[in-house]
Amino acid sequence: MNSKIWLSSPHMGGTEQNYIKEAFDTNWIAPLGPNVTGFEKDIESYLKEGSHVACLSSGTAAIHLALVQLGVGLNDEVLCQSMTFSASANPIKYQGAIPVFIDSEAETWNMCPNHLETAIKDRIAKGKTPKAIIIVHLYGMPAKMNELLAVANKYSIPVIEDAAEALGSTYKGRQCGTFGDYSILSFNGNKIITTSGGGAMVCNTLEKKENTIFLATQARDQAPHYEHSQVGYNYRMSNICAGIGRGQMEVLDKHIGLRRSMNTFYKEEVFNGIKGVNVFAEPNQDLYSNHWLSCITIENDAPFSKDELYNKMLEANIETRPLWKPMHLQPVFKNALYYGNNTSEELFKKGLCLPSGSNLTQKDRDRILEVVSCLK
Ligand SMILES: *Cc1c(COP(=O)(O)O)cnc(C)c1O
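Below is a summary of the structure that appears in this document. Worth saying up front: this structure is predicted, and the values here are computed from it rather than measured.

**Here we look at a negative patch on the surface**
Link 1 in the chain: On the surface, Glu-268, Glu-269, Asp-366 and Glu-370 cluster together into a negatively charged patch.
Link 2 in the chain: Listed by contribution, the elements that provide at least two residues to the negative patch are α9 (252–270) and α12 (362–375).
Link 3 in the chain: If you trace the backbone, Glu-269 turns up in helix α9.
Link 4 in the chain: Using a relative accessible area of 43% as the deciding quantity, one classes Glu-269 as partly exposed.

**Re the site of the ligand**
Link 1 in the chain: Around the ligand there are 15 residues in total, and Thr-60, Asp-162, Glu-165, Ser-186 and Lys-191 lie nearest to it.
Link 2 in the chain: Between the ligand and the protein, one listed contact pairs an oxygen atom with a backbone N or O atom of Gly-59 at 2.8 Å.
Link 3 in the chain: Interatomic distance of 2.5 Å between a side-chain N/O atom of Thr-60 and an oxygen atom of the ligand.
Link 4 in the chain: When the ligand sits alone it has 380 Å² of accessible area, and the protein chains cover 95% of it.
Link 5 in the chain: Of the residues assigned to the shell around the ligand, the class counts are four nonpolar, eight polar and three charged.

**Considerations on the sheet that holds strand β13 (residues 321–322)**
Link 1 in the chain: Spatially, the four strands line up as an open sheet ordered β10-β12-β15-β13, and their pairing is antiparallel. Edge strands, defined here as strands with exactly one partner in the open sheet, are β10 (277–279) and β13.
Link 2 in the chain: As paired elements, β10 and strand β12 (residues 294–298) share three bridges and run antiparallel to each other. Paired with Val-277 across the two strands is Ile-298, which belongs to β12.

**Let's talk about the sheet that holds strand β4 (residues 132–136)**
Link 1 in the chain: The mixed open sheet is built from eight strands, whose spatial order is β1-β9-β8-β5-β4-β2-β3-β14. The open sheet has two free edges, formed respectively by β1 (52–56) and β14 (337–339), since each of these has just one partner strand. Averaged over all adjacent pairs, the angle separating strand axes in this sheet is 20 degrees, with direction ignored.
Link 2 in the chain: Relative to β4, strand β2 (residues 77–81) is paired through three bridges, and the arrangement is parallel. Within β4, the position partnered with Cys-80 by the bridge is Ile-134.
Link 3 in the chain: Across the sheet, helix α2 (residues 34–47) lies against β1, β8 (182–186) and β9 (199–203), angled at about 135 degrees from β1, the strand it touches most.
Link 4 in the chain: Contacting β2, β3 (98–102), β4 and β14, helix α5 (residues 113–125) runs over the sheet at an angle of about 135 degrees to β14.

Rules used in this analysis
- Residues numbered from 1 in each chain as written.
- Predicted model: local features only at pLDDT ≥ 70, side-chain atom pairs only at ≥ 80, totals over all residues.
- Heavy atoms only, no water.
- Patch = residues over 30% accessible without salt bridge, like charges linked within 9 Å, V, L, I, M, F, W, Y side chains within 5 Å.
- Areas by Shrake-Rupley, 256 points an atom, 1.4 Å probe, with all protein chains shown as cover.
- Salt bridge = Lys/Arg side-chain N within 4 Å of Asp/Glu carboxyl O.
- Lys, Arg positive; Asp, Glu negative; His and termini not counted.
- Charge placed at Lys NZ, Arg CZ, Asp CG, Glu CD.
- Helix = DSSP H or I, 4+ residues; strand = E, 2+ residues; numbered from the N terminus.
- Buried < 20%, exposed > 50% of the residue type's maximum accessible area, 1.4 Å probe, protein only.
- Near = heavy atom within 4 Å.
- Polar contact = N/O pair within 3.5 Å; in protein donor to acceptor, adjacent residues only side chain to side chain.
- Nonpolar A, V, L, I, M, F, W, Y, C, P; charged D, E, K, R; others polar.
- Pairing = 2+ DSSP bridges.
- Axes fitted to C-alpha atoms, helices over the stretch in contact; angles between N-to-C directions.
- Contact = heavy atoms within 4.5 Å.

In short, shape yes, function no, at least from these values alone.
Set out below in structure tokens:
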């Protein structure tokens, strides 16, 4: 049997272990140290725009601490993109708050500005002004930030930007992860770069960064003994993990180039000329996607169905996966409010994610091509 081709697997650059060795040599085996500080600096200079980065144990922890700092609490409402990974929405529940889900638009598959405004007006009319808006850049595709931020600003509602999948993507030349009142990144094993597990909060002031670190390290007040006046969390990143991250930053742009070339491969070689199959790509020049995952939608007039392609790939030991199932369709959120017109449901029905890693070989590409040529 051929080895498994994954959607997205870790791809080391080669220098990661030097940073880890240094941590061992200097005994910085702790959730702080030179790699943590160094990794934060690396991300700050990559993102620019005066960003201040706090490395955390996961992207989910970052979303949680963003909600905590925005004062989201019991029975507050938070607007969240429905089509996303559950980690975008779960922290709303951690706070005892209420998620209200917003549909996507068809161009970027991210939050629709019109549905967002409809939802805000309706929630305000019902006496429940939303406390925050969680916007996601799915699969690395930037959301329509100008339009979304205009709505958020009009009603003075803070934005949490979930850029977990979008490190290195840009919107009008500006890095994703620099648009929110709080923005978050993830370095989980399947993301564009990995620290084995980890995340970061990107802040637009040093004060927010310092407060994030304070909360992430058990909220210890200034005192010789342990003194606490707030509830704290144990959410800081390990200095070992951060070492992996520093090595990964050295190859980030190269790996984005390779992911983008996978997208070109699907567009120009695999699905070129196949009726009813569309490779998801930027709708215009303002958006630049890291193409973390390459995705397709399959219409009814295509020569094969989504399930056929999925099963043929599975038989060939190639992983594919349906798009994110919208949160308002998930059993865990079945009673949640939803504003939209079924764009995300439609995408979920007809879309598939394809192997997209920066470490895929020509032989892997040939195997993928082979499966599709037998179907068309
Ligand atoms: C991966 C991911 C997260 C969560 O990040 P973790 O580091 O795995 O906690 C949040 N949102 C989106 C959209 C993601 O893809």
